[in-house]
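A closer look at the structure
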Amino acid sequence: MVFAGLTFLIFVFPFVTILHQILPKRMQNYLLILASLFFYAWGDISYLPLLLLISLLNYLLAKKIKSSKYAKGYLLAGILLDMGVLAYYKYFGFFAEQFGWVLQNEIRLPLGISFFTFQTVSYIIDVYRKDVQTEENLIDYLTYILMFPQLIAGPIVRYSDIAVELKNRTLQKEKLELGMVQFAAGLAAKVLIANNFAVVFNQATEYSSSFASLVVVISIGMQYYFDFAGYSLMAIGMGNMLGFHFPTNFNLPYSAYSATTFWRRWHITLGTWFREYVYIPLGGNRVSKPRQVLNIMVVWSLTGFWHGASWNFLVWGIYFGLVLLFEKFVLHKHLKEGKILSHLYGLFVIFIGWYFVGYQEVGMAFLKIRELFSFQVLRSDLYILQFSAIPILLSILLCIPKFIHFMEAQMEHSMRRTILTLTLLILSIASLVSSGYNPFLYFRF
C-alpha cells in the first residue's frame, strides 16, 4: 500500500483519521499500532513478524541499557542486531554476487528496512547517552517505532521528536487543516510531477545527444526530489492530522549554492542521523585534518551505500564526499548565497551526481556525462523539447524560493487555501485513476 494509492486515499486514511479523532486518548495509540500493522502487512505481510520481533527486542534492550551495569554491552548487542538484519537483507546478496557465491533463493528487501533500522538504532543510542528517557510503556514505544506515516520511507523520526506527543497530544483544528494542505501538496508533487518525469526520462534516454543527456539528468534529479519530498510532506501532513510534529526533511534543496548547502537541505533527517551517530562519534572535526578527511569519506561512502546495494550508489557517495572536501578546504571562501556563479556551480555538481543514481551501471553514467559534453546537436532534440519543456519549466518554478514563498502567502487566505487544496486532490486522484504507473522510489531504501 502506498500513500498515493486510491485504496489508501479513499478508504484507509480517512477511516483512521476520523476514528483517531473520536476515540478516547487512551485508545488512540492502540489504533495507530493496528493501522500501522495493517498498512505494512498490505505491502509485505511476510516480513511483519520480523518487524515486530526487532521492535520488541530493541524495547527490551533499551530497558537493559537503562538499568544494567553492562549498558555498553547491551547497546553493542542492539546495534549489531539492527545493523546485522539490515546488512543481511540489503547487502548480503550484493556481496554474494561480487564473490561469485550462488544463492538458492533471492533475498527480498523488507519494505522500509533502512528507515526502520536507523530509527531503532537512534533510540537505543539516545537511551544509552541519556538524551531520552527509556520508554516503559510498550504501546507508546510501538506507536513510535511502527507509526505508518513514516514507517516505510521516513522522515527518520528520533524518539525525542515526538516523546511528549506519544503521551499527550492535542488534535487541533488548525493542525488538521495544515496537515490536509501538506498532504495534498505532497500528493500532487508525487503524482503530477515525479511520475511525469519518469515518463520524460524513459523517452529521453532513448536518444544520444547533449540535449538528450541534459534532459535525462534533469528528469532523474526532479523525479527523485518530487517523489521523496512529496512523500515526506505527505508523512508530515498525516503526522499533523494525527497530532504529531515530524521533522522537516527538505528545504528547497535546489536553491543551494554548493553541494554542502544542498545536503543541509536534502533529506535533512538522514544527514542529521549520520552526523549524530557516525561523524561525531568518529571524532568529527575535532581531530587532525587527515583524520577529518577520512571521517568525511567514511560518512559519505556509507551515505551512498545506504541508498542502495550497488556500485553506482557507492560511487555517488564517494563523489559527493570528494566534492564536499574540495568545497571545505578550497572553495568555501568563494561560494556565497545570492551569487549567481555560486548557484550555477551548485546545480552543476549536484546534477552531475544524479547520473550515478539514474544508472545502475557506472559505465553508463559516465557515458551519459560524456554525451552531455559532446555538444552534439540532433534533429531529435526538437522532439525531446516538445515532451520535456513543460514538466521542466514547471519543476524549475516550484524550486524557486520566491515562488514558493508567494504560494505560501496565498495559502494564508482560507478560501484560496481550500480551493487550491481541493484542486490538487482532484487532479492527483484523476491522474491516479487514468495512469497505472505510480511507484515510490524510496520504498526500496
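Residues numbered from 1 in each chain as written. Predicted model: local features only at pLDDT ≥ 70, side-chain atom pairs only at ≥ 80, totals over all residues. Heavy atoms only, no water.

With that settled, the discussion passes to the overall build of the protein. Each helix and strand in the protein was counted, giving 19 helices and 0 strands. A compact globule built from 445 residues would reach a C-alpha radius of gyration of about 22 Å, and the protein, at 22 Å, matches this within 12%. Dimensions of the protein, computed from C-alpha atoms along their principal axes, come out at roughly 65 × 55 × 50 Å. Taken across its 445 residues, the protein has 53% of its residues classed as buried. The contacts in the protein between residues at least 6 apart in sequence include a share of 76% that link residues at least 24 apart. Accessible surface, the protein as shown: approximately 21100 Å² in total, 67% of it carbon and sulfur. In the protein, 34 positive and 23 negative side-chain charges are present, and the distance between their average locations comes to 7 Å. (Helix = DSSP H or I, 4+ residues; strand = E, 2+ residues; numbered from the N terminus. Rg over C-alpha atoms; globule rule 2.2 N^0.38 Å. Buried < 20%, exposed > 50% of the residue type's maximum accessible area, 1.4 Å probe, protein only. Contact = heavy atoms within 4.5 Å. Areas by Shrake-Rupley, 256 points an atom, 1.4 Å probe, with all protein chains shown as cover. Lys, Arg positive; Asp, Glu negative; His and termini not counted. Charge placed at Lys NZ, Arg CZ, Asp CG, Glu CD.)

What follows deals with the pattern of salt bridges. Enumeration according to the criterion identifies 11 salt bridges in this entry. Between K368 and E371 there is a salt bridge whose closest N-O contact spans 3.4 Å. One end of the pair, K368, and the other, E371, are both in helix α16 (residues 362-372), 3 residues apart, so they sit about a helical turn from each other. The pair formed by K368 and E371 is uniform in burial state, with each residue classed as buried. Through salt bridges with shared partners, one network takes in K63, K66 and E136. (Salt bridge = Lys/Arg side-chain N within 4 Å of Asp/Glu carboxyl O.)

Bringing the nonpolar core into the picture now. In terms of nonpolar packing, the biggest core is built from 136 residues, with F8, F148, Y254, W266 and W354 touching the most fellow members. The element that contributes the greatest number of residues to this core is helix α10 (residues 210-241), accounting for 18 residues. (Core = buried A, V, L, I, M, F, W, Y, C linked by side-chain atoms within 4.5 Å.)

It is worth spelling out helix α3 (residues 48-67) at this point. With 20 residues, α3 should reach 28 Å at 1.5 Å per residue; the first-to-last C-alpha distance of 29 Å fits that figure. Regarding α3, the residues found buried are L48, L50, L51, I54, S55, N58, Y59, L61, A62 and I65. Tucked inside the fold, the buried residues of α3 contact α2 (25-44), α4 (71-98), α5 (113-128), α6 (138-146) and α7 (148-151). (Expected span 1.5 Å × (residues − 1).)

Relative to the elements of secondary structure, A430 occurs in helix α19 (residues 414-434). Sequence separation of A430 and G243 is 187 residues, and the distance between their C-alpha atoms is 29 Å.

Attention shifts here to helix α13 (residues 289-307). Relative to the 27 Å expected for 19 residues at 1.5 Å per residue, α13 spans 28 Å between its end C-alpha atoms, a close match to the ideal helical length. Along α13, the residues classified as buried are Q292, N295, I296, M297, V299, W300, S301, T303, G304, F305, W306 and H307. The elements touched by buried residues of α13 are α4, α5, α11 (259-265), α12 (268-279) and α14 (311-331).

Here we come to the packing of α10 against helix α17 (residues 380-397). The N-to-C vectors of α10 and α17 enclose an angle of 30°; their axes lie 11 Å apart at closest approach. What the angle tells us is that α10 and α17 run roughly parallel. Helix-helix and strand crossings are classified by hand; for α10 and α17 the assignment is left-handed. Mapping the contact onto sequence places F211, A212, V215, I218, M222 and F226 in α10 and D381, I384, L385, S388, I392, S395 and I396 in α17. (Axes fitted to C-alpha atoms, helices over the stretch in contact; angles between N-to-C directions. Parallel < 35°, antiparallel > 145°, perpendicular 65-115°, else oblique. Left-handed = near helix turned anticlockwise from the far one by under 90°.)

Where α5 meets α6, the axes come as close as 10 Å, and the angle between the chain directions of the two elements is 140°. For the element pair α5 / α6, the angle class is oblique. Taken together, the residues of α6 that come into contact with α5 (itself represented by F116, Q119, T120, S122 and Y123) are Y141, Y144, I145 and L146. Grouping the constituent residues of the contact of α5 with α6 by class yields 6 nonpolar, 3 polar and no charged. (Nonpolar A, V, L, I, M, F, W, Y, C, P; charged D, E, K, R; others polar.)

Averaged over all residues, the pLDDT of the protein equals 93, while 97% of them reach at least 70. Here α19 is the element of the protein with the lowest mean pLDDT, 89, and α6 is the one with the highest, 97. (pLDDT = per-residue confidence, 0-100.)

Turning to unusual backbone geometry, a few remarks are in order. At K130, a residue that is not glycine, the phi angle is positive and equals roughly 65°. Within the secondary structure layout, K130 lies in the loop between α5 and α6. Take K130: its relative accessible area is 71%, and that puts it in the exposed class.

What follows is about the side chain of S395. Relative to the helices and strands, S395 resides in helix α17. Here S395 falls in the buried class, since its relative accessible area comes to 0%. Once you skip the residues sitting within four places of it in the chain, S395 turns out to touch F197, M222 and F226.

Another aspect to go through is a nonpolar patch on the surface. On the surface, a nonpolar cluster with roughly 610 Å² of combined accessible area is contributed by Y88, F92, F95, F99, W101 and L103. Looking at where Y88 falls in the secondary structure, it is placed in helix α4. Y88 gets classed as partly exposed once you look at its relative accessible area, which sits at 41%. (Patch = residues over 30% accessible without salt bridge, like charges linked within 9 Å, V, L, I, M, F, W, Y side chains within 5 Å.)

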